[in-house]
Amino acid sequence: MTRIDPSSRDSFGTKFGVIAATAGSAIGLGNIWRFPYVAGENGGGAFLLIYLIFVIAIGIPVMMSEFVIGRSAQLNPVGAFKKLAPGKPWFLIGIMGVVAAFMILAFYAAVAGWTLEYIYQSVVNGFKGKSPQELGVMFDTFREGSVRPVIWFLVFMGMTAYIVSAGVKDGIEKYAKILMPILLFLLFILCIRAVTFKGAGAGLSFLFKPDFSIFANFRDATGTILEALGQAFFSLSIGMGTLITYGSYINKKDNLATTAVTVSLADTLIAVLAGVAIFPVVFAFGIDAAEGEDLVYKTLPIIFQQMTGGYIFSLMFFVLLGLAALTSTISVLEVVTAYFVEELGMVRKKATLIATLSISVLGFFTAASWGWFTNISLSGKNVFGILDFTSANILLPLGGLLIVAFIGWYFGRERVNTELSSEGNLKTRYVSVYMFIVKFIAPIAIALVFLNGFGIFKFS
Ligand code: TRP
């Protein structure tokens, strides 16, 4: 087995590069597609509130923990645990992460493929003159057709593979840096248009006024809490080693805590803005907030149609959304690739190719979940739904639980302090609080949400 000499590993060039690349991983379809769809299915305001609590109390500490593990080990998630805890089973967390990476890419790249279809529709002015109902039918027809979703999925996987096989620095950093601020700006303009629709107020109340009566109906609340936790993990790219891998590329001098806080805040801001753009339209045009994973693709074209410059605007928006998705898929594929290269001794190009081909087999079924394979289902979920639910709500929080437990109970305060203070060069007055969270609060909270989510334990 050939091991890569650590000194020859790529690393992020600048401090801004670290934040940009991590934010590039975190910010993507999770914010703009998944957040509104899951929030819409789970009652809006109450979901948002629980989500925010989870991001702050659990998300940020888990993100810091991944950075600590990655940067101190300088390896992929599997290798990192093997190095930091030799002869112990902790490396299984890394294996689970690689499995999660397969599952996530197989459905995430399918959604990214929908974005490519909508870039195409923007170019040919395909939304023009269609009523909100017709726009909905247009999306359903596209998705049930199966051929196009599968082709776009493959195109997207190909683009991801191309960039990952080119290597870390040139591949990722360059793209992430310039694009995210532009996306933020476009999203902001969309929000302004959305809130000026007649009837927009109901959408804003839905998102910002928690309706705690959902907790009265216990079954609903149970699902909601688990969904909020899963969404927090998914959106922040935590729980499967993506940020262990990225942490391993972070410069020894950079401040891990401020990076985690900055990225988490930016990520949350974008998700909330996406909600502000979507829900007013949902309510103004009588769409069902609990529509599901097609919500955003049925809603956004309505805004584009009803604004000046909608043609160019929708084109720009979907291009940037596609690029935001690309900086995320890159980070997921990177986990699998780094594992194949460093643990199985493959060269980078071959590693990328094998990972991409095997993920594409699974993705073939996922992308055609509403067409050819609509009959494959498990408790009401199609292939897509199964992968989406299992990875976000089960594998990621479970990974997160084990990651904080590792830091809190195995790795220990000494080594944590060395990493967080960048070997004593930074002030770290918060370490006691952080250690308390990773030892007790985060693991217990995640465990309770699990037990509750599976009906084994009741909060009330
Ligand atoms: N966080 C990304 C998004 O919101 C998706 C993503 C990238 C991801 N890497 C991940 C999700 C790792 C879970 C785990 O679009």
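Q: What is the right way to look at the packing of helix 14 (residues 310-344) against helix 15 (residues 348-367) in this model?
A: A packed helix pair is summarised by two numbers, namely the angle formed by the two axes and the spacing between the axes. Close contact between helix 14 and helix 15 brings their axes to 9 Å; oriented N to C, the two are set at 130 degrees. By the angle between their directions, the pair helix 14 and helix 15 is classed as oblique. Classified by chirality, the crossing of helix 15 by helix 14 is right-handed. Listed contacts from helix 15 to Leu333, Glu334, Val336, Thr337, Phe340 and Val341 of helix 14 are Arg348, Ala351, Thr352, Ile354, Ala355, Thr356 and Ile359.

Q: Sorry if this is basic, but what is going on with the pattern of salt bridges here?
A: Where side chains of opposite charge bring their charged atoms close, a pairing between them can arise. Tallying each qualifying case throughout the model produces eleven salt bridges. For the salt bridge of Arg148 with Glu117, the shortest nitrogen-to-oxygen distance reads 3.0 Å. Residue Arg148 is located in helix 7 (residues 147-166), and its partner Glu117 is located in helix 5 (residues 91-123); the two are separated by 31 residues in the primary sequence. By relative accessible area, Arg148 is classed as partly exposed at 36%. Residues Lys298 and Glu291 are paired through a salt bridge, measuring 3.1 Å at the closest nitrogen-oxygen approach. With a relative accessible area of 30%, Glu291 lands in the partly exposed category. Each member of the salt-bridge network shares a partner with another, and the members are Asp140, Arg143, Glu291, Glu293, Asp294 and Lys298.

Q: I tried to follow the environment of Ile95 on my own but got confused; where do I start?
A: Topologically, Ile95 is positioned in helix 5. Here the alpha-carbon distance between Ile95 and Ala447, two residues 352 residues apart in the chain, equals 21 Å. Ignoring anything within four residues of it in the chain, the contact list for Ile95 reads Val78 and Tyr339.

Quick notes on the rules
Residues numbered from 1 in each chain as written. Predicted model: local features only at pLDDT ≥ 70, side-chain atom pairs only at ≥ 80, totals over all residues. Heavy atoms only, no water. Axes fitted to C-alpha atoms, helices over the stretch in contact; angles between N-to-C directions. Helix = DSSP H or I, 4+ residues; strand = E, 2+ residues; numbered from the N terminus. Parallel < 35°, antiparallel > 145°, perpendicular 65-115°, else oblique. Left-handed = near helix turned anticlockwise from the far one by under 90°. Contact = heavy atoms within 4.5 Å. Salt bridge = Lys/Arg side-chain N within 4 Å of Asp/Glu carboxyl O. Buried < 20%, exposed > 50% of the residue type's maximum accessible area, 1.4 Å probe, protein only.

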